[in-house]
There are 2 protein chains.
Amino acid sequence: LLLFHRRSIMKSALSFLVAARECEIGELEQLALTSELVSLVGRLIHALQKERGISNVYLGSQGRRFAEQRAPQALESDQLALHVRERFDELYSGPHSVRNGARLFARIAAVLHGLDELPGLRERIGARTLGADESTAAFVRLISGLLAVVFEAADSATDPQVSRALVAMFNFMQGKEFAGQERALGAMVFVGGHVDDCEQQWQQLIDTQERCFQVFANFADRAALETWSAQRNGPKLAELERLRRVGRSPRSGAPLDPQLGQAWYDCCTHRIDAMRTVEDTLASHLRALCERRIEQTRAELRDQQAILGTLSRPSGPQPPTPIGPQLERSILDMLQEQTLRLQAMSDELDTVRASLNERRVVERAKGLLMAARKLSEDAAYKLLREAAMNQSRRLVDVAERIIEAHELLDPKA
Amino acid sequence: LLLFHRRSIMKSALSFLVAARECEIGELEQLALTSELVSLVGRLIHALQKERGISNVYLGSQGRRFAEQRAPQALESDQLALHVRERFDELYSGPHSVRNGARLFARIAAVLHGLDELPGLRERIGARTLGADESTAAFVRLISGLLAVVFEAADSATDPQVSRALVAMFNFMQGKEFAGQERALGAMVFVGGHVDDCEQQWQQLIDTQERCFQVFANFADRAALETWSAQRNGPKLAELERLRRVGRSPRSGAPLDPQLGQAWYDCCTHRIDAMRTVEDTLASHLRALCERRIEQTRAELRDQQAILGTLSRPSGPQPPTPIGPQLERSILDMLQEQTLRLQAMSDELDTVRASLNERRVVERAKGLLMAARKLSEDAAYKLLREAAMNQSRRLVDVAERIIEAHELLDPKA
């Protein structure tokens, strides 16, 4: 160590501070790319939700209604899917390029497979060789795969501010999807004329939506919150609540008025379309945030590089000027400040990411059920949901019990 | 989407599975590098711990003892430090190359600055212009910076098995450092002749050591555990416990026999040197584990690439053979299996990483104190430690209260 000149050692500490800053910028740039992908995925999900609704009406009306709306909607879905595929391909440029790459890419592979099944699904819908429930389930599966991609993106964010925005986005998208599933369920109920055994499932869809929007509200930026609360006070929401009440507790014996089906569908669709505008607000906030954070971090990097430049300046025939106590002090301050800041960021990040835990718990319980009882993902989820209904518990509580029980039962765990 | 041939779409899903696997390998290779660094850092810490002990004896004996051992020990520390520096430099090869780079590099910068201060520190020790406590504090700071590098490495591991090994390693190294600090404290007490107000601090060093070794025991491999428990039953440990008892509760009024100082020092040193062999066992386990995991994952990657090759084979003048239902089934199985496996890995990882939380909580409370009361890191830690002693609470409990209080007090939190 004595071989090192003091100047070169200070320089070496500083260059690692600079390297740390460069890593931060690299991570932020990666996040900016991922955020763009998330916005695009949101648009594809919206198109698929519309296509699911149109297909349901088509199948429910024995092909009499919405036949002419199918092809243009399929085209819109396909065009967006092509864009999403292009972004997927851009994302991968070598094993080191993507944080959380292993999980993200496995999710993407599942989505690509789901998109692959779309043409076959549409053929069967056109030929009406499958029921509305089967068609709904296929779209739900594909959309859930796309949401899993968004989840991985939110889960792997390293900047707490960007992570907040992504968590708000993911929860909003998830809530919107539950709203879409509620639309499909309600439509079936109104067309069928009675709620039968769907009442609890309906309640669950309402509850999970509300929880998602609550988490969204905890993490969203002001503009998105304002757009959202303006919508919640619209007249259509009162109508939605009225139809929910009518649909879920019809006077005993009396069948539901099938005409309400159209009103229900319109009212839900209006609400879901309005949610798209909230998503757009979230997306532009996310974009602006990434840009701002990159710019900030670049400015800080430039400051550090300037000091590093002073230290590296070739000294020519004169001996290098010694590091003044002031410069040394400022490097020490930077060291301490940067470490504390990164520590605080990582704590904040832990807090934000904790809000994603509910989904993690449900996913894990689902995986345990799939492995233990050799079930498909759908069947495992259905089992969970039914257990929750029978026990009048939240899905996540049932999932937690399964995990606890598994840990007690399995000696390896 | 209809433009795509089924074969090419299946291929595209599979290539993302392959990409996911490549990312896993990339992360494992990174972990292998980090693990080598961690082993080397362990050796540097051991050398610095010896140098700290020698310096203490030298200063405590007014320069009469260990004068001739100082230079060779400094040389050993310096040589290891040079190796560590080289590894640090190798680690950085572009902003995307290191997971958790921002935090890791900021920690490295702090270590480099600490190493920079070593020559000056040694000069003052040689001239005996500083006390043993000041010298100890400087070494403690440097070693704690090196442990922070190991912590970041353990915290950023993405493979649960490797993460377990790194968590075991970090906790063992941290426990060993507390054992080193106990050696220094005990030496001061025996030389001074009375325990004074160090009694609680001594107890705390024993408790935190035990907790570290407990976590180590929860996560370590069998070979390391066996090496460790063989040592715990050695005759030297009984002697250590006896000296702990004598040193901490001397008969009232009667000063301690200063001759016990040498016995204490030898007995602690014997124990700490033995810990080095446990660390070596941990390090070779870590190395073997990384190699095995890389090999496994490469074999799995080859299988997937072989299937991908089948799909990509140019079909010549004949139309491409359609994908048989069997091949399609096996791709679907791979999709499901890989997603479930990654999910399970990530859950297991969360569980392992949770054991690092105690340190995170203490670090955060320290950061809050530093910011709120404009304290140095040392002073903030001392304040925490004193509060824990006064309240007869564990350090981490006091830290948790500070964080809770801060969240209540600070409207932004």
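What counts as what
Residues numbered from 1 in each chain as written. Chains lettered and ligands numbered in written order. Predicted model: local features only at pLDDT ≥ 70, side-chain atom pairs only at ≥ 80, totals over all residues. Heavy atoms only, no water. Helix = DSSP H or I, 4+ residues; strand = E, 2+ residues; numbered from the N terminus. Buried < 20%, exposed > 50% of the residue type's maximum accessible area, 1.4 Å probe, protein only. Contact = heavy atoms within 4.5 Å. Areas by Shrake-Rupley, 256 points an atom, 1.4 Å probe, with all protein chains shown as cover. Axes fitted to C-alpha atoms, helices over the stretch in contact; angles between N-to-C directions. Parallel < 35°, antiparallel > 145°, perpendicular 65-115°, else oblique. Phe/Tyr/Trp six-rings, centres within 6.5 Å; stacked < 30°, edge-to-face > 60°. Lys NZ or Arg CZ within 6 Å of the ring centre and 35° of its normal. Nonpolar A, V, L, I, M, F, W, Y, C, P; charged D, E, K, R; others polar. Least-squares fit on C-alpha atoms with pLDDT ≥ 70 in both. Buried area = accessible area lost by both parts, 1.4 Å probe. Salt bridge = Lys/Arg side-chain N within 4 Å of Asp/Glu carboxyl O. Polar contact = N/O pair within 3.5 Å; in protein donor to acceptor, adjacent residues only side chain to side chain. Disulfide = S-S within 2.5 Å. Expected span 1.5 Å × (residues − 1). pLDDT = per-residue confidence, 0-100.

1. Focus on the overall build of chain A
- Check the secondary structure of chain A and you find 13 helices and zero strands.
- Going from the N terminus to the C terminus, chain A shows its helices and strands as α-α-α-α-α-α-α-α-α-α-α-α-α.
- Each of the three principal axes of chain A carries a C-alpha extent, and together these read 100 × 50 × 40 Å.
- Residues counted as buried form 54% of the 413 residues belonging to chain A.
- Intrachain contacts of chain A at a sequence separation of at least 6 include 78% that bridge at least 24 residues.
- Carbon and sulfur atoms make up 54% of the accessible area of chain A, which totals about 18,500 Å².

2. So, the packing of helix H5 (residues 160–192) of chain B against helix H10 (residues 325–354) of chain B
Residues and elements named next belong to chain B.
- Relative to each other, H5 and H10 sit at 10°, their axes nearing to 9 Å. Between H5 and H10, the crossing angle belongs to the class labelled roughly parallel. Counting all contacts with H5, which are made through Pro160, Ser163, Arg164 and Val167, the residues of H10 involved are Met345, Glu348, Leu349, Val352 and Arg353.

3. A look at the packing of aromatic side chains
All names here are of chain A.
- Per the counting criterion, the structure on display carries 24 aromatic pairs over all chains.
- Ring pairs connect the aromatic residues Phe172, Phe213, Phe216 and Trp228, which therefore count as one cluster.
- In this structure, Arg65 is placed above the aromatic ring of Phe66, and the distance from its NZ or CZ to the ring centre is 5.2 Å.

4. With respect to the packing of helix H6 (residues 199–219) of chain A against helix H12 (residues 377–390) of chain A
All names here are of chain A.
- The contact between H6 and H12 brings their axes to 10 Å, and the two run at 100°. As judged from the angle between their axes, H6 and H12 are roughly perpendicular. Here Gln200, Gln201 and Gln204 of H6 lie close against H12, whose contacting residues are Arg385, Ala388 and Met389.
- Classifying every residue of the contact of H6 with H12 by side-chain character gives two nonpolar, three polar and one charged.

5. Comments concerning the environment of A:Arg183
Residue and element names in this part refer to chain A.
- Summarising the element assignment, Arg183 is placed in helix H5 (residues 160–192).
- Residues Arg183 and Ala153, spaced 30 residues apart in sequence, show a C-alpha to C-alpha distance of 27 Å.
- Apart from residues lying up to four places away in sequence, Arg183 is in contact with Gln49, Lys50, Trp264, Tyr265, Cys268, Thr269 and Ile272.

6. A look at the relation of the copies chain B and chain A
- Between the two copies, chain B and chain A, the superposition gives an RMSD of 0.0 Å; the rotation angle is 180° and the shift along the axis is 0.0 Å. Accordingly, the operation relating the two chain copies is best matched by a two-fold axis.
- Residue by residue, 100% of the interface of chain B is reproduced at the interface of chain A, so both copies engage with the same surface.

7. Comments concerning the interface of chain B and chain A
- With 63 residues of chain B at the interface, the matching set in chain A holds 63 residues.
- Taken together, both faces of the contact between chain B and chain A bury some 5,800 Å²; the carbon and sulfur share is 64%.
- Summed over the shared surface of chain B and chain A, the result is two salt bridges.
- The shortest N-O distance in the salt bridge between B:Arg360 and A:Asp350 comes to 3.9 Å.
- Applying the counting rule to chain B against chain A returns four residue pairs in polar contact (both at pLDDT 80 or more).
- Looking at the side of chain B that touches chain A residue by residue, the class counts come to 31 nonpolar, 14 polar and 18 charged.

8. A look at the pattern of salt bridges
- One pass over the structure, following the stated rule, counts 64 salt bridges over all chains.
- B:Glu36 is the salt-bridge partner of B:Arg287, the closest N and O atoms lying 3.5 Å from each other. With B:Arg287 in helix H9 (residues 259–312) and B:Glu36 in helix H1 (residues 6–60), this pair connects stretches of sequence that are 251 residues apart.
- Relative accessible area serves as the criterion here: at 25%, B:Glu36 is assigned to the partly exposed category.
- Note that B:Arg122 is salt-bridged to B:Asp78, the shortest N-O span being 3.0 Å. Here the residue B:Arg122 occupies a position in helix H3 (residues 101–126), and B:Asp78 occupies one in helix H2 (residues 67–91), the gap between them amounting to 44 residues.
- Here B:Asp78 falls in the buried class, since its relative accessible area comes to 7%.
- Within the structure, one salt-bridge network assembled from shared partners comprises A:Arg103, A:Arg107, A:Glu152, A:Asp155, A:Arg353, A:Arg360 and B:Asp350.

9. A look at the state of the cysteines
- Taken as a whole and assessed by the stated rule, the structure comprises zero disulfides over all chains.
- The cysteine A:Cys290 is free of any disulfide, with A:Cys23 supplying the nearest cysteine sulfur at 17 Å.
- What makes A:Cys290 buried here is its relative accessible area of 1%.
- Residue B:Cys212 stays outside any disulfide, its sulfur separated by 16 Å from that of B:Cys268, the closest cysteine.

10. Focus: the environment of A:Leu308
- Residue position: A:Leu308 is located in helix H9 (residues 260–312).
- Sequence separation between A:Leu308 and A:Val18 is 290 residues, and the spatial gap between their C-alpha atoms is 8.6 Å.

11. Observations concerning the side chain of A:Glu152
- Assignment of secondary structure puts A:Glu152 in helix H4 (residues 132–155).
- Engagement of the side chain of A:Glu152 in a polar contact is seen with the side chain of A:Arg103, the distance being 3.1 Å.

12. With respect to the side chain of A:Ser77
All names here are of chain A.
- With respect to the element layout, Ser77 can be found in helix H2 (residues 67–91).
- Residue Ser77 is classed as buried on the basis of its relative accessible area, which comes to 1%.
- Ignoring any residue separated from it by four or fewer positions in sequence, one finds Ser77 in contact with Leu44, Ala47, Leu48, Glu51 and Arg122.

13. A short note on H6(A)
- A rise of 1.5 Å per residue sets the reference length of H6(A), with its 21 residues, at 30 Å; its end C-alpha atoms lie 31 Å apart and thus fit the reference within 8%.
- Along H6(A), the residues that are buried comprise A:Trp202, A:Gln204, A:Leu205, A:Ile206, A:Thr208, A:Gln209, A:Cys212, A:Phe213, A:Val215, A:Phe216 and A:Phe219.

14. Observations concerning the confidence of the model for chain A
- Residues with a pLDDT of 70 or more make up 90% of chain A, whose mean pLDDT is 85.
- Predicted as a complex, the structure gets a pTM of 0.84 and an ipTM equal to 0.80.

15. A few points about the environment of B:Thr136
All names here are of chain B.
- In this fold, Thr136 is placed in helix H4 (residues 132–155).
- Judged by relative accessible area, which is 14%, Thr136 ranks as buried.
- Measuring from C-alpha to C-alpha, the distance between Thr136 and Val278 comes to 25 Å, with 142 residues separating the pair along the chain.
- Dropping the residues within four chain positions of it, Thr136 is found in contact with Arg52, Asn56 and Ala184.

16. Looking at unusual backbone geometry
All names here are of chain A.
- With a phi close to 50°, Lys374 is a non-glycine residue in the positive phi region.
- Checked against the element boundaries, Lys374 lands in the loop between helix H11 (357–373) and H12.
- Residue class for Lys374 comes out exposed when judged on its relative accessible area of 72%.

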